[in-house]
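Descriptive analysis of the structure
Each chain is listed here by its residues.
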Amino acid sequence: MTAPSLAPGRTGVVGTARTRLEGRAKVTGAARYAGEVPFAELAHGWVATSSVARGRIRSIDTEAVLAMPGVLAVLHHGNAPRLRPGVGLFGPDATLQVLQDDRVPHVGWPVALVVAETPEQARAAAEALVVTYDEEPHDVAFSADHPGVYTPEARPPAPPDVERGDVDAELAGSAVVVDEEYTTPEEYQSPMEPHAAVARWENGRLEAIDSNQGSYAIAQYIAQLFFLDAASVRVTSEHVGGAFGAKGVRPHLVFAVMAATMLDRPVRVVLTRRQMFTMCGLRTPTAQRIRLGADADGRLRAVDHESVSYSSAIQEFVEQSTRPTRVLYATDALRARTRLVRLDVPTPTFMRAPGWAPGSYALESAMDELAERTGLDPITLRLRNEPAVAPASGLPFSSRNLAACFEEGARRFGWPDRDPRPGVRRDGRWLVGTGVAASAHAAMTAPSTATATAEADGTFTVRIAAADIGTGARTALHQIAVDALAAPPEAVRVRIADSDFGPAQFAGGSMGTASWGWAITEAAAALRERLALADEIPADGITVRADTSELVRARQPVERHGFGAQFAEVAVDPASGEVRVRRLLGVFAVGRVVNPLTARSQLVGGMIMGLSMALHEEGVRDTASGSLVNGDLAGYHVASNADVPPIEADWVDDPDTHNPTGIKGLGEIGIVGTAAAVANAVWHATGTRQRHLPIRLDRTLTR
Ligand code: MOS
């Protein structure tokens, strides 16, 4: 047939509210997740984990377990395939070197995999497996003055230390100084869908269905880890039930590949909720000291932010909690320091807005304390310290509309009528208060590839190894593709989450839609050029590929961020200490919004997670055993329906041409600032500062 005629220009689909393309499949149960795809001859792996926090495995009694019904194999450090050391998604990753030696670095470290005909048989055998250890003394007690605190090596995106101007001199000369320590606890990503993978060998190729944030990089990594050709590994992840940073490569996938290779049959490994608390990363606790020095009119002279976090004995992961301090406020002198201590704990990883979320809690709480001490309105104080360029780097912002967020938010929230005095409003037995905080998050893009195909039947297929981890990315990419192809929506299909589609950015760092959308836009433009010259479309269509690597690298360095202002109203029961959030409002400047429906869900979801961080989430570690006391969803409370009030999220115009799509990304910024807004509102309600998260009942009762 002849090439369809493509009208130049945009269809207007980007920017309109669209329900998820896969929504019906998900709510009817037709959508299959990694743990659900049926296979003939499927075997099931169950992970056995360490009960001690540090030491060596002395013995594993496999014999008794191998005699149990249905048991096919017990993999352990004595018989498991050797893995290539020193590889990982973001540099060498020791957390994936499972079953390679007898060393136990923390409670819950995987020590064996039992494979059986059914999950029940595998579980029974794994629980019956007797493992003995030579225990060594462990240390899981985190504190900022731990003798092991050190300065980690510099690594992107933020060096551990930044120093501009003379902080000590400016502090000494300041009329008002705030000097406080803020702490945040262990927090867990807790996606609804557990980590799951099935692996099998098919015609000489390893195929894995996995729940993850980026199939291409994971396929590459699995190939490296198992000494395979990159082309002989395929990873897909069609549907993912949440990730929040916890779904890079995790041991379940490594185990599935190990077992499928050893047994030469498909093997599925699904982690339990409890195992997710020890094997899938967490947000490290932080202890942050903030010192602010200001003139009497609130103009900042010094900002000093030191954050200490932990990592495991086997892997250095650095939570960069000073990131908000590097971009939010103008100051004569700035010092930001990142410190680390290594403990016998699981390795932390990214969790929604890593660095930004805990850092903003500390900084934005301290700013509220400065507003109190200078007698300034918290918004006035912030606007007085709006920077012309980024305070740490000195680079210009690609766009910055934080002031517009505060102005619009204040108007909608009713902020101008606020009585600044704390502890004076009552509603029945409740003390009522309001608080505000700024949000910020990096808005980056990374190279990606996409293909666009004009099919012989007049439709189009776009392929990209993007991941939709529940965000609505698939739908947003469809809108971008429709727009870039200038085609009717029903004529365009988008296929994602298949490593065979080529390199693409992870669903992480709020970089997904901007990075993928850019590649799709380029592929669509190239396809339109080809079609303009084509007389006919052959039976297998016309396919073009775009790679944004050069375009991404060619850009000028600039500070590119999303911003926002969050407002909270809380009620505190002075008898019980209970805090109820009554309403939340967030107004954001996040570049171009592709799909207002799913974008709002991302922002509101982030704010709910921020509410949860403020009031509920806390991993409690027992120093005697080294284990998590509350490592399941019965003990680790995440905000649920009854905790969540009406939440409103909206955005202001924020044009940004630094990336041609104009997209800044908004998957993470919603969680940044919420906890401080809530803590500041609790102070306004009660007169008590909340410098430690979560704001538990006992903490609001302490005066
Ligand atoms: Mo996400 S915490 O950017 O993987």
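You'll find the structure just up there.
Read on for a plain summary of the structure. (Residues numbered from 1 in each chain as written. Predicted model: local features only at pLDDT ≥ 70, side-chain atom pairs only at ≥ 80, totals over all residues. Heavy atoms only, no water.)

**Re the overall build of the protein chain**
Scanning the protein chain for helices and strands turns up 17 helices and 24 strands. On C-alpha atoms alone, the protein chain measures out to a radius of gyration of 26 Å, which is about the 27 Å that the 2.2 N^0.38 rule sets for 703 residues. Its C-alpha atoms put the protein chain at 75 × 75 × 50 Å along the principal axes. The proportion of buried residues among the 703 residues of the protein chain is 61%. Long-range pairs, those at least 24 residues apart, make up 82% of the contacts in the protein chain with a sequence separation of at least 6. Roughly 25500 Å² of accessible area belongs to the protein chain as shown, and the carbon and sulfur atoms make up 51% of that amount. (Helix = DSSP H or I, 4+ residues; strand = E, 2+ residues; numbered from the N terminus. Rg over C-alpha atoms; globule rule 2.2 N^0.38 Å. Buried < 20%, exposed > 50% of the residue type's maximum accessible area, 1.4 Å probe, protein only. Contact = heavy atoms within 4.5 Å. Areas by Shrake-Rupley, 256 points an atom, 1.4 Å probe, with all protein chains shown as cover.)

**Thoughts on the pairing of strand E14 (residues 300-312)**
Counting buried residues in E14 gives eleven out of 13 residues, a clear majority hidden from the surface. Sheet topology note: the strand E13 (residues 286-294)/E14 ladder contains nine bridges and is antiparallel. Bridging across to E14, Arg291 finds its partner in Asp304. Connecting E13 to the next strand, E14, in antiparallel fashion are five residues, including Gly298 with a positive phi near 90°. Bridging between E14 and strand E15 (residues 333-343) involves eleven bridges; their strand directions are parallel. Within E15, the position partnered with Asp304 by the bridge is Arg335. (Pairing = 2+ DSSP bridges.)

**Remarks on the packing of aromatic side chains**
With the rule as written, the count across this model stands at twelve aromatic pairs. Here the guanidinium or amino end of Arg583 rests over the ring plane of Phe413, the centre of that ring lying 3.8 Å away. (Phe/Tyr/Trp six-rings, centres within 6.5 Å; stacked < 30°, edge-to-face > 60°. Lys NZ or Arg CZ within 6 Å of the ring centre and 35° of its normal.)

**Observations concerning unusual backbone geometry**
For the bond from Leu693 to Pro694, the omega torsion is -5°, close enough to zero to count as cis. With respect to the helices, strands and loops of the structure, Pro694 is situated in the loop between helix H16 (674-686) and helix H17 (697-701). A positive phi angle, near 60°, is found at Phe244, a position not held by glycine. Structurally, the position occupied by Phe244 is in the loop between strand E11 (233-236) and helix H6 (251-263). At Asp264, a position not held by glycine, the phi torsion is positive, near 55°. Mapping Asp264 onto the fold places it in the loop between H6 and strand E12 (267-270).

**Description of the side chain of Thr445**
Looking at the element boundaries, Thr445 is found in the loop between strand E17 (430-442) and strand E18 (449-454). Here the side chain of Thr445 touches Arg555 through a polar contact of 2.7 Å, side chain to side chain. Apart from the residues within four sequence positions on either side, Thr445 is in contact with Met511, Ala514, Ser515, Trp518, Val552, Arg555 and Asn659. (Polar contact = N/O pair within 3.5 Å; in protein donor to acceptor, adjacent residues only side chain to side chain.)

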